[in-house]
Amino acid sequence: MPRTLRRLAHLALFCPLSKGLQSRLPAVKVKYLVVAWLGVLVASWVIYVQYSSYSELCRGHVCTVIICEHYRRGIISGSVCKSLCEEKTLTLQRCLSTSPTHQVYSAVWKEKAVIVKCGIEDALRGDDGPNSLPKRDVSLYDKPTRGTSMDEFREMLHSFLKDSLGEQASLGLLVSRVVSLADVNSDGKVSLAEAKSVWALLQIDEFVPMLALQDKEHAPRLLGFCGHLYATERVANGALFRLDVPPWLQPLVPEALSGALNRWLAPAWPRRARITIGLLEFVEEVFHGAYGSFYMCDASPSRVGYNANYDCKIADLGSVASEAAVRAFLRGRTCQTNADCTFGRDCTATCDRLARQCNTEVVQPNLAKVCALLRDFLLFGAPADLLEDLDRQLRTCVTLSGLASQMEVHHSLVLNNLKTLLWKKISDTKYS
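All values derive from a computational prediction rather than experimental measurement.

What counts and what doesn't
- Residues numbered from 1 in each chain as written.
- Predicted model: local features only at pLDDT ≥ 70, side-chain atom pairs only at ≥ 80, totals over all residues.
- Heavy atoms only, no water.
- 1 Å grid on protein atoms, 1.4 Å probe; cavity = no way out; pocket = protein on both sides within 12 Å on 5 of 7 lines; lining within 4 Å.
- Points joined across faces, edges and corners; volume = space filled by probe spheres on them.
- Helix = DSSP H or I, 4+ residues; strand = E, 2+ residues; numbered from the N terminus.
- Nonpolar A, V, L, I, M, F, W, Y, C, P; charged D, E, K, R; others polar.
- Buried < 20%, exposed > 50% of the residue type's maximum accessible area, 1.4 Å probe, protein only.
- Contact = heavy atoms within 4.5 Å.
- Salt bridge = Lys/Arg side-chain N within 4 Å of Asp/Glu carboxyl O.
- Disulfide = S-S within 2.5 Å.
- Patch = residues over 30% accessible without salt bridge, like charges linked within 9 Å, V, L, I, M, F, W, Y side chains within 5 Å.
- Areas by Shrake-Rupley, 256 points an atom, 1.4 Å probe, with all protein chains shown as cover.
- Pairing = 2+ DSSP bridges.
- Axes fitted to C-alpha atoms, helices over the stretch in contact; angles between N-to-C directions.
- Parallel < 35°, antiparallel > 145°, perpendicular 65-115°, else oblique.

S.K.: Any chance you could explain the layout of surface pockets here in plain terms?
M.R.: If you roll a probe as big as a water molecule over the atoms, it shows you where there is empty space left. Quantified by volume, the second largest pocket comes out at close to 410 Å³. Around the second largest pocket sit 22 residues that line it, and Asp 205, Val 320, Ala 321, Ala 325 and Phe 343 are the ones nearest its centre. Among the secondary structure elements, those contributing two or more residues to the lining of the second largest pocket are helix H6 (150–165), helix H9 (207–212) and strand E9 (320–322). The biggest single contributor to the lining of the second largest pocket is H6, with 4 residues. Per-class residue counts for the lining of the second largest pocket are 12 nonpolar, 6 polar and 4 charged.

Shown next as structure tokens:
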């Protein structure tokens, strides 16, 4: 019976074909074969690129070996050292690294989801391969030296933070915060290993802004550290748009297609409005805060996330830089065009073409960059009675430019108008 059914199916499929079409089948088969081989080649290339990229970027095992070796030798200390190196209750999971020298992983620490970050510059220096073992040098932990007193350590911290953040009246409070962080066992003293660990952490670009913004609602929380490895809270949605096409795949995925998919996958508009209000609040928080102003030098969707309650969280502070750091970078820098006066991705100052030196004030404020990002995120699906006014306010916001010292009032007015417009629409609803 099954054989009879197969014969009937064969007759139904192939007998209706005309003789002319049947004569063309060999050519059609060749075409399909060529297409199939092209598909295999493309798939092989994608797999190779993925594997090469993964093996280059994802070296968490190297980072763990380095950290745990230093911990066992008593060179470093930290609140997660025991969990990582002895109890094995801190385990790395998915690799999120975008740079081979700055490892980023999702992880689980005592059954809680976290993000773990670690630099491995020392291990990658020279001709070492991806699986190289850590070198014996401990240049990252060369300060403070044995014999440094607590007063001298505090002075070291104050001087470093002054260089990083500028002269701020509240620097003393931040120094105390760092000392408290270093005192892992809460005995009122800071050991040499504890001091070396926190000093190494301060050399990481993201760490100083994270400390300065720890009391801000929309900044990620620091949960613990071991040497220069540190754990932060995990943001449920690590990017503003859910579909993040890797650079190597972008030529194969049209921008229109990725944009359409992101719109389809995006949260409901009232929830996007809630996320937007949080992002605008973060812009307020970093503008003339207790430790000076901070610039968002890469206002891209991959840097902004939100949690399960649709509260905005800046998933990565690596692109947030203090005004003092940006000014120090620009001061005395030679230039031909404004592009030569760019810190990070998009913190750009003007070039004085007569003196051939960069000016030290960034022209485009954080708010203008955030509004450019929000046009793609907020306008589609917006209520009809709000769309025209929202579009006009975002266009006004995007065109903000000029020196921050000369536009503070205008900056605050535009920001507050936009927040008020959105809040009125979602207040007294389940989305507020």
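S.K.: What am I meant to see in helix H8 (residues 192–202) here?
M.R.: Along an α-helix, residues three or four positions apart point the same way, because every turn accommodates 3.6 residues. Among the 11 residues in H8, 10 count as buried, and that is most of the element. Three or more residues of H8 are buried, namely Ala 193, Glu 194, Ala 195, Lys 196, Ser 197, Val 198, Trp 199, Ala 200, Leu 201 and Leu 202. Packing partners of the buried residues in H8 comprise H6, helix H7 (171–182), H9, strand E4 (222–226) and strand E5 (229–233).

S.K.: I keep staring at the pattern of salt bridges and nothing clicks. Help me out?
M.R.: When their charged atoms lie close together, side chains carrying opposite charge are able to pair. Under the defined criterion, the tally for this structure stands at 18 salt bridges. Note that Arg 345 is salt-bridged to Asp 298, the shortest N-O span being 3.1 Å. Highlighted residues: Arg 345 in the loop between strand E10 (342–343) and strand E11 (347–352) and Asp 298 in the loop between strand E6 (294–296) and strand E7 (304–306), separated in sequence by 47 residues. Classification of Arg 345 by relative accessible area gives exposed; the value is 54%. Note that Glu 323 is salt-bridged to Arg 327, the shortest N-O span being 3.3 Å. Here Glu 323 and its partner Arg 327 are both found in helix H12 (residues 323–330), 4 residues apart, which amounts to about one turn of the helix.

S.K.: For this particular structure, what's the right way to read the state of the cysteines?
M.R.: Put plainly, a disulfide is one covalent bond tying together the sulfur atoms of two cysteines. Tallied over the full model, the rule gives 8 disulfides. With its sulfur 1.9 Å from that of its partner, Cys 371 forms a disulfide with Cys 397. Taking the sign of the torsion about the S-S bond as the criterion, the disulfide between Cys 371 and Cys 397, at about 75°, is right-handed. Taken together, the residues Cys 371 in helix H13 (residues 366–378) and Cys 397 in helix H14 (residues 384–398) connect sequence positions 26 residues apart. Judged by its relative accessible area of 0%, Cys 371 falls in the buried class. When its relative accessible area of 0% is taken as the criterion, Cys 397 is described as buried.

S.K.: Looking at this structure, I do not really get empty space enclosed by the protein. What am I missing?
M.R.: By the definition in use, this model includes 3 cavities of 30 Å³ or more. Lining the second largest cavity we find Met 296, Asp 298, Ala 299, Arg 303, Val 304, Ile 314, Asp 316, Ser 319 and Val 320. Considering only residue class, the lining of the second largest cavity consists of 5 nonpolar, 1 polar and 3 charged.

S.K.: Explain a nonpolar patch on the surface to me, please; I cannot follow it from the model alone.
M.R.: Taken together, the side chains of Leu 257, Leu 261, Trp 264 and Leu 265 present a nonpolar region at the surface, about 420 Å² in accessible area. Topologically, Leu 265 is positioned in helix H10 (residues 255–265). Under the relative-accessibility criterion, Leu 265 is labelled partly exposed at 30%.

S.K.: Would you take a moment to explain the sheet that holds strand E2 (residues 102–109) for this structure?
M.R.: Strands sit in the order E1-E2-E3-E5-E4 across an open sheet of 5 strands; the sheet is antiparallel. The open sheet terminates on both sides in strands that have one partner only, identified here as strand E1 (90–95) and E4. Averaged over all pairs of adjacent strands, the angle between strand axes in this sheet comes to 30°, irrespective of strand direction. Sheet topology places E4 next to E5; 4 bridges connect them, and they run antiparallel. Bridge assignment links Phe 225 to a residue of E5, and that residue is Tyr 230.

S.K.: Is there a simple way to explain the packing of H6 against H8 in this structure?
M.R.: Packed helices, taken two at a time, are described by the angle between their axes plus the distance between the axes. Running from N to C, H6 and H8 point in directions that differ by 5°, and their axes come no closer than 12 Å. By the angle class used here, H6 and H8 are roughly parallel. Contacts between H6 and H8 involve Phe 153, Met 156, Leu 157 and Phe 160 from the first element and Ala 195, Val 198, Trp 199 and Leu 202 from the second.

S.K.: Help me understand the packing of helix H11 (residues 269–285) against H13, please; the structure alone is not making it clear to me.
M.R.: Two numbers describe how H11 lies on H13: the axes approach to 11 Å, and their chain directions differ by 170°. In terms of axis orientation, H11 runs roughly antiparallel to H13. Every residue of H13 that contacts H11 at Trp 269, Arg 272, Ala 273, Ile 275, Thr 276, Leu 279, Leu 280 and Val 283 is listed here: Asn 366, Leu 367, Val 370, Leu 374, Phe 377 and Leu 378.

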